[in-house]
Amino acid sequence: MKTSEMLLGGCLCGAIRYQTQAAPFDADYCHCRQCQLSSGAVMMVWMDFKRQQVKWLNGHVTEFASSDKIRRGFCQQCGCSVSYRHLDYPDYLTLSVATLDNPNLVAPKYHIFTDNQVSWLTLEDNCQRYPQSRSSPIVA
Ligand SMILES: [Zn+2]
Ligand SMILES: [Zn+2]
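Residues numbered from 1 in each chain as written. Chains lettered and ligands numbered in written order. Predicted model: local features only at pLDDT ≥ 70, side-chain atom pairs only at ≥ 80, totals over all residues.

**Student:** Looking at this model, I keep getting lost on the overall build of the protein chain. Mind explaining?
**Tutor:** In terms of regular secondary structure, the protein chain is built from one helix and eleven strands. The N-to-C order of helical and strand elements in the protein chain reads β-β-β-α-β-β-β-β-β-β-β-β. Across its three principal directions, the C-alpha atoms of the protein chain cover 45 × 35 × 30 Å. Expressed as a percentage of its 140 residues, the buried residues of the protein chain come to 31%. Within the protein chain, residue pairs in contact and separated by at least 24 positions form 52% of the contacts whose partners lie at least 6 positions apart. (Helix = DSSP H or I, 4+ residues; strand = E, 2+ residues; numbered from the N terminus. Buried ≥ 20, exposed ≤ 12 C-beta atoms within 10 Å, placed from the backbone. Contact = placed C-beta atoms within 7 Å.)

**Student:** What's the story with the pairing of strand β4 (residues 44-50) in this structure? I'm lost.
**Tutor:** Bridge count for strand β3 (residues 26-30) against β4 is five bridges, and the pairing is antiparallel. Within β4, the position partnered with D28 by the bridge is W46. The sheet contact formed by β4 and strand β9 (residues 92-96) spans five bridges and is antiparallel. Each bridged residue has a counterpart across the sheet, and for K50 the counterpart in β9 is Y92. (Pairing = 2+ DSSP bridges.)

**Student:** Where do I start with the sheet that holds strand β1 (residues 7-10) in this structure?
**Tutor:** For sheets, the rule is that strands pair by backbone hydrogen bonds, running either parallel or antiparallel. What the three strands build is an open sheet, ordered β1-β2-β5; its pairing is antiparallel. The open sheet has two edge strands with one neighbour each: β1 and β5 (54-58). Neighbour-to-neighbour, the strand axes of the sheet open up by a mean angle of 25°, direction not taken into account. Of the pairings in the sheet, the one linking strand β2 (residues 17-20) to β5 comprises four bridges and is antiparallel in character. Within β5, the position partnered with R17 by the bridge is N58. (Axes fitted to C-alpha atoms, helices over the stretch in contact; angles between N-to-C directions.)

Written out as structure tokens, the structure is:
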């Protein structure tokens, strides 16, 4: 493991701290309503890891079932949105890029659910945009 690939992060109040054992294998912007309403922000930026690559150093997330299969982890003290997981994919864990000590270290590669992107938000990047999930057809 290269030291440069380890990432440190945590919530606003510091009750939750984590360390990753590798760089994420993927990262994306999500504009869906579930992410908007669970975070209180107009979008989330997520990064994906194998479950065993994430080590909780301090505290643990409290999980909210935002749908049958989705669990959104937040800090019970400060409310920070920290994690996301899908029950059908137990080997993976997704963390919020914003919770990194240095969020500049992980850049998202594509946008999903741009149908819900707020109209006044201009994002001039060249990332691929998906109106719904990534498995949905792309509208040019
Ligand atoms: Zn906290
Ligand atoms: Zn979302």
